[in-house]
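Fold and geometry: a report
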Amino acid sequence: MERLRSVTLPENVEVAPSRTIAAGLSGRGIVAAVLRQELRQLTTTFRFRASAFLIVFLMLLAALTAAARYRTEGEEQDALMNDHARELAGATVDRTVEILQPAVKPPWRLSLVVDGGQSATPDVYSQALSALVTPQLFHLHRGNERLPASQPLDWTFVIRVVLSLTAFLLGYDAVCGERRTGTLKLVFSYPVARWKIFSGKLLAIWSCLALPFLGGAVLSLIATGSGGIPFQSADLVKAGLVGLLGLWALLFSVLTALLVSSLSRDSSTSLSVLAWLWVTAVIVVPAIGGLLAHRVHASPTEGETAGDMALIEQWIAREHAGRERRWRPLEWAASDGFAWERASAEAETRRFTQKEEVRRRVVQRKLGQAVLARTLGSLSPASLIEELAARLAGTGLERDASFLEQARAFRPVLAGWLRALDAGDPESPHILFFSGYVSRRPLSAPVPRFHFHEPSVSQGLAAAWPGLALFTCETLALAVVALFAFSRSDAG
């Protein structure tokens, strides 16, 4: 492909370029001149039109799927809470201790921007105050398990997969293609700093993809807002930060394309190398990271967990020497001040506490395994960008961990509320929290409801700054190397 046709010599001129052309290229507007010419060449190609259409189409499709998923998950969670309200209707205090109280992680409003795994991870943690009821951690929206699993479609997918690929397609012959046609030799003959030519090419490819990306981002936000997702001001700020990260990632991809094109002798070699880099960064490195995390930081199996639970049962039986699990009718137990029941309540509480610690360790182990896989995958710029987007938006593993922490902190709130109700009944045995041995009065106050607190913008920035610093160093190093390779490029 010929580039910079406006600087080629007329057919009837066999010597140096005219003063007008030379002045235009050697003046202060050289970067703008190269940018305009490169844009004129790129925007007329099918590669650009197809890339721009694909970017906008995928972002609008992401908006439609995000809005539909948000509505579906919201309806399912509303149904869950309605069922819970019906179960509480007319309940007494002692009945309430055995009712599972759901802590619900609300649907992720920014799933359009970055899903962060929220469409696959548990979103409900139900727990009762009774030590005899096992807590439940589950994913409410299961969908059709027979359908093949697919990666969520969001801005992050477009950034790390589509933008990087289209940047390679537009830039793979930006230098080696012009070297082959002889255009590069003509441009290098002018008394112009090569970094200005490099900058013009860089900005041209970047802007060709940045504009459809920004346009698609705005249209997708409008579409999801119209589709029923109640965006808040903080959500728009987070989306804006991820959008800026996408432009930054696009710059990184364009620099990579220009570097490879500068080092390659022909376009086919450049395209092959870029294809290999893309597959490695997007597919191979994350897969290896997950494999290594599974091998190095294995999570406990169901058999190991069951063994730990059995050891707890043996320890409780040995410590309490058969003085547990004795529950008598109230009229019999009251004769000795509920001595057996209080001992049984102590044993059951200790058993529950120990088993809950095992369950917590299992979840922490799985989260740790995912963190390790994410860390190893961040050796790839594509995975690093995905992780930065999740941190800036406040989703991913951090949101899951925050949800579990807040859900467990909700239990003491419930306990304090019910303890106050039980204390107001002088007829209650006050053996908390076991049905039949606390107040039997009807509930006189509404049950507290769980409210999840999303991470703030400042918290997202604080969590992302180490990765941002790393990506800054990588981008600067790549820019220096790419400029050096272009400046030393052989025009012949």
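Each chain carries its own residue numbering, running from 1 in the direction its sequence is written. The predicted nature of this model means local features are confined to residues of pLDDT at least 70 and side-chain atom pairs, given and counted, to a pLDDT of 80 or more, with totals for whole chains, interfaces and linings taken over all residues. Remark: hydrogens and water are excluded; side-chain values derive from all non-hydrogen atoms of the structure.

1. Comments concerning the overall build of the protein
In terms of helices and strands, the protein carries 16 helices and three strands. Values of the radius of gyration come from C-alpha atoms, whereas the globule rule sets the reference at 2.2 Å times the count of residues to the power 0.38. Against the 2.2 N^0.38 benchmark of 23 Å for 492 residues, the protein shows a C-alpha radius of gyration of 31 Å, more extended than a compact globule. C-alpha atoms of the protein, sized along the principal axes, occupy 120 × 45 × 40 Å. Only protein chains enter the calculation, and the probe is 1.4 Å; a residue is then buried if its accessible area is under 20% of its type maximum, exposed if over 50%, and partly exposed in between. Expressed as a percentage of the 492 residues in the protein, the buried residues total 47%. Here, residues are in contact when the closest pair of their heavy atoms is within 4.5 Å. Contacts spanning at least 24 positions in sequence make up 80% of the contacts within the protein whose residues lie at least 6 apart. For the accessible areas, the method is Shrake-Rupley and the probe is 1.4 Å, while residue cover comes only from the protein chains on display. Per element, the accessible surface of the protein, about 23800 Å² overall, is 62% carbon and sulfur. For the charge count, each Lys or Arg is scored as positive and each Asp or Glu as negative, with His and the chain ends excluded. Throughout, a charge is located at the NZ atom of Lys, the CZ atom of Arg, the CG atom of Asp or the CD atom of Glu. Considering the protein, the positive charge centre built from 50 side chains and the negative charge centre built from 44 side chains are found 8 Å apart. Helix and strand definitions here come from DSSP, where helices need a minimum of 4 consecutive H or I residues and strands a minimum of 2 consecutive E residues; each element is numbered from the N-terminal end.

2. Focus on the confidence of the model for the protein
pLDDT is a residue-level measure of predictor confidence that goes from 0 to 100. Averaged over the protein, the pLDDT score is 89; the fraction of residues at 70 or greater is 92%. The least confident element of the protein, judged by mean pLDDT, is helix 1 (residues 19-26) at 42; the most confident is helix 9 (residues 233-263) at 97. Across residues 1-27, where pLDDT falls below 50, the model places 50 contacts with residues more than four positions away in sequence or in other chains.

3. Topic: the packing of helix 5 (residues 155-171) against helix 14 (residues 381-393)
Structural elements are reduced to axes, namely lines fitted to C-alpha atoms, with helices fitted over the stretch in contact, and the angle between N-to-C directions of any two is expressed from 0 to 180 degrees. At a minimum axis distance of 9 Å, the contact between helix 5 and helix 14 shows a crossing angle of 160°. The orientation of helix 5 relative to helix 14 falls into the category roughly antiparallel. As for the relative orientation of helix 5 and helix 14, their crossing is right-handed in sense. Contact with helix 5, carried on its side by Thr156, Ile159 and Arg160, involves Ala382, Ile385, Glu386 and Ala389 of helix 14 and no other residues of that element. If an angle is under 35 degrees, it is roughly parallel; if it is over 145, roughly antiparallel; if it lies from 65 to 115, roughly perpendicular; otherwise it is oblique. By convention the crossing between two helices is left-handed if the near helix lies anticlockwise of the far one by an angle smaller than a right angle, and right-handed if it lies clockwise.

4. Brief notes about the pairing of strand 1 (residues 101-104)
Neither face of strand 1 is left uncovered, since the one carrying Gln101 and Ala103 and the one carrying Pro102 and Val104 both have all their residues buried. In this scheme, strands are said to pair when DSSP sees at least two bridges between them. As paired elements, strand 1 and strand 2 (residues 124-127) share four bridges and run antiparallel to each other. Residue pairing in the sheet places Pro102 in a bridge with Ser126 of strand 2.

5. Describing the packing of aromatic side chains
How two aromatic rings sit relative to each other is given by the distance of their centres and the angle of their planes. Any two of the Phe, Tyr and Trp rings considered here, Trp counted by its six-membered ring, make a pair once their centres fall within 6.5 Å; the pair's planes then place it as stacked at under 30 degrees, edge-to-face at over 60, or tilted in between. One pass over the full model with this rule turns up 12 aromatic pairs. Here the aromatic rings of Phe403 and Phe450 are separated by 6.1 Å at their centres, their planes lie at 80°, and the arrangement is edge-to-face. Residue Phe403 is located in helix 15 (residues 397-423), and its partner Phe450 is located in the loop between helix 15 and helix 16 (457-487); the two are separated by 47 residues in the primary sequence. An angle of 70° between the planes, with centres 5.7 Å apart, marks the rings of Phe410 and Phe450 as edge-to-face. Of this pair, Phe410 sits in helix 15 while Phe450 is found in the loop between helix 15 and helix 16, placing the two residues 40 residues apart along the sequence. Judged by its relative accessible area of 7%, Phe410 is buried. According to the relative accessible area criterion, Phe450 is buried, its value standing at 13%. The criterion for a charge sitting over a ring is simple: Lys NZ or Arg CZ within 6 Å of the ring centre, and within 35 degrees of the ring normal. Geometry around Trp340 places Arg326 over its ring, the cationic atom sitting 4.8 Å from the centre.

6. Describing the pattern of salt bridges
Any carboxyl oxygen of Asp or Glu that lies within 4 Å of a side-chain nitrogen of Lys or Arg is treated as forming a salt bridge with it. Within the structure shown, the criterion is met by 24 salt bridges. A salt bridge links Glu38 to Lys201, with the nearest nitrogen and oxygen atoms 3.1 Å apart. Of this pair, Glu38 sits in helix 2 (residues 30-42) while Lys201 sits in helix 8 (residues 194-226), placing them 163 residues apart in sequence. With respect to burial, Glu38 and Lys201 carry one shared label: buried. Among the salt bridges present, the one from Arg391 reaches Glu387, with a minimum N-O distance of 2.8 Å. Of the two residues, Arg391 and Glu387 both sit in helix 14, four residues apart, roughly one turn of that helix. What emerges from the salt-bridge pattern is a single network uniting Glu313, Arg325, Glu348, Arg351 and Lys355.

7. Brief notes about the sheet that holds strand 2
Reading across the sheet, the three strands line up as 1-2-3 and stay open at both edges, with antiparallel pairing between neighbours. Bordering the open sheet on either side are strand 1 and strand 3 (136-138), each of which pairs with just one other strand. Neighbour-to-neighbour, the strand axes of the sheet open up by a mean angle of 15°, direction not taken into account. Together, strand 1, strand 2 and strand 3 form the strand contacts of helix 15, whose direction differs from that of strand 2 by roughly 25°.

8. Points about the state of the cysteines
Two cysteine sulfurs form a disulfide in these notes if their separation is within 2.5 Å. Using the criterion set out here, one finds zero disulfides in the structure. Just so you know, Cys208 is unpaired, no disulfide at all, and the nearest cysteine sulfur is the one on Cys176, 17 Å from it.

9. Looking at helix 10 (residues 267-296)
Think of an α-helix as 3.6 residues a turn; residues three or four steps apart then line up on the same face. One less than the number of residues in a helix, times 1.5 Å, gives the span that helix is expected to have. Taking 1.5 Å of rise per residue, 30 residues should cover 44 Å, and helix 10 covers 41 Å from first to last C-alpha, within 8% of that figure. Fitting one axis to the seven residues ending at a residue and another to the seven starting there, the bend at that residue is the angle between the two axes. Of all the bends in helix 10, the largest measures some 40° and sits at Thr280. Along helix 10, the residues that are buried comprise Ser267, Ser270, Leu274, Trp278, Ala281, Val282, Gly289 and Ala293. Tucked into the core, helix 10 has its buried residues touching helix 5, helix 6 (176-181), helix 9, helix 13 (339-377) and helix 14.

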